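Letter by letter, the chains look like this.
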Amino acid sequence: MRTQKCHGRVIATLVGCTALALAVTTTTAQAHPRPLDRQTLGAGDGWASYGTGTSGGAAATPDQVYTVSNWADFKAALAAGGTAPKIIRVQGVIDANAEGCDSFAAPGYDFAQYLATYDPAVWGYDQNLDNEPADSPEGLRRVSAANQDTAIKAFIPANTTIVGIGRNAGFKGASLQIKAVDNVIVRNLAFESPLDCFPQWDPTDGDTGNWNSEYDSAVIYGSTHVWLDHNTFTDGAHPDSSLPTYYGRIFEQHDGELDVVKGADYVTASWNVFTDHDKTILIGNSDSASTAAVDRGHLKVTLHHNLFSDLVERAPRVRFGQVDSYNNHFVAEPGYGYSYGIGLESQLVAEHNAFTVPAGISEATVLKKWSEAPLTADDNYVNGSLTDLIAVHNAGVPTEILQSGAGWTPTLRTKIDPAKAVPFIVDRGAGAGRLR
């Protein structure tokens, strides 16, 4: 097979430069004649383009470009060179928990003993486990959880691009921490949700207690100018349906797929797939006064051309933020709860989106009211028909009346596709492995 060079890359003539260009027109970054790992977010492409824009590690010198295929090398690359621009190219699937949960367990930790000690028939539901001593089953669980926390979290420095190479690149069991930094790009990666090896039992959570877990696939915490593009987020080999039940409650080992919290700002999430998960995206993590003081006026996030499928809730749930969600495709499946969660002081604009909702699931549940906060929801289609999401919600859930009018108009958008065409466009363009 003959080959030719396109933008500095050698490809088969079967693909060709024209076909390559067509394959990567799903984001404005591709207007730049640059290789994938040096592409930057295009002007006007969501909140992450605001002000200084988002270039990640595009300016990295050759000695600050790393190709990694294991967790140790990935963390070493993150630590090298401080905040100088860097590019990390991920090859294959990197497993942050390759040695398994037992490798994190503290000496003496015994899950069977934990279950026996805190069985509600013995412990009851009135007291949590916060005051349990270090040598108790809960104390040993805390040590074990801390060991996992240290092992599977990776802290991303400023001015960094992390990009998957080829069609099969990503992370299993990892939690990327984009914390208190500026200018980060994450693209073309598949994330299998980290599995919390040591969930905590809280007898006081609800009437019959709950198992609570940690670790999101990605957390944007107090950071600015972050672009996540063409990634896939999923529970993979460990869906909630595969998890056991203890004390009559699911042994929940997943948290979120993406959280944007603690004053984070200027985030664009484009052409991603979020699938097979419960609590998907949280923007603003608390209603508390201390959180409000940090988040109010921040949490500016754009979500466009993402596929949300087979999820339960939070696509996203919003507090405080000015969130622009347009040209996304939402596919409901059995177990669906809601898509947009309207939280405290949120200013959500949801326009030009498409929803595929099967019989038995009410379109009134697309929106969920948690607090009094008006939103804009125009030009949205449900099963191919133009639908006023606020009106159908208010008619179907009269105890949660929503008001219209978010109070602001998004301006940082590139091409807006017709909402009726969104399922065709997004389903064929979103997710990891689409860029190369």
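These lines cover the structure that appears in this document, whether it is placed above or below. Everything numeric in this text was worked out from a predicted model, so none of it was measured.

Criteria and cut-off values
- Residues numbered from 1 in each chain as written.
- Predicted model: local features only at pLDDT ≥ 70, side-chain atom pairs only at ≥ 80, totals over all residues.
- Heavy atoms only, no water.
- Phe/Tyr/Trp six-rings, centres within 6.5 Å; stacked < 30°, edge-to-face > 60°.
- Helix = DSSP H or I, 4+ residues; strand = E, 2+ residues; numbered from the N terminus.
- Buried < 20%, exposed > 50% of the residue type's maximum accessible area, 1.4 Å probe, protein only.
- Lys NZ or Arg CZ within 6 Å of the ring centre and 35° of its normal.
- Pairing = 2+ DSSP bridges.
- Contact = heavy atoms within 4.5 Å.
- Axes fitted to C-alpha atoms, helices over the stretch in contact; angles between N-to-C directions.

### Concerning the packing of aromatic side chains
No. 1: Taken as a whole and assessed by the stated rule, the structure comprises 30 aromatic pairs.
No. 2: Taking the centre distance of 6.3 Å and the plane angle of 70 degrees together, the rings of Trp211 and Tyr246 count as edge-to-face. Of this pair, Trp211 sits in strand S13 (residues 210–212) while Tyr246 is found in strand S17 (residues 245–246), placing the two residues 35 residues apart along the sequence.
No. 3: Classification of Trp211 by relative accessible area gives buried; the value is 3%.
No. 4: Judged by relative accessible area, Tyr246 falls into the partly exposed class, the value being 26%.
No. 5: Through a chain of ring-to-ring contacts, three or more aromatic side chains come together here, namely Trp71, Phe74, Phe171, Phe191, Phe233, Phe274, Phe308, Phe330, Tyr340 and Phe355.
No. 6: It is Lys179 that lies over the ring of Tyr221; its NZ or CZ is 4.6 Å from the centre.
No. 7: Looking at Lys300, its charged tip hangs above the ring of Trp47, at a distance of 6.0 Å from the centre.

### Quick notes on the sheet that holds strand S25 (residues 317–318)
No. 1: A sheet is described by the order of its strands in space; here eight strands give the open sequence S6-S9-S14-S19-S22-S25-S28-S31, paired in parallel fashion. Sheet topology places strand S6 (153–155) and strand S31 (367–369) at the edges, where each strand pairs with a single neighbour.
No. 2: Pairing of S25 with strand S28 (residues 340–342), which is carried by two bridges, proceeds in the parallel orientation. Pairing of Val318 across the sheet is with Ile342, part of S28.
No. 3: Strands in contact with helix H5 (residues 137–152) are S6 and strand S9 (175–179); relative to S6, the strand with the most contacts, it is inclined by about 45 degrees.

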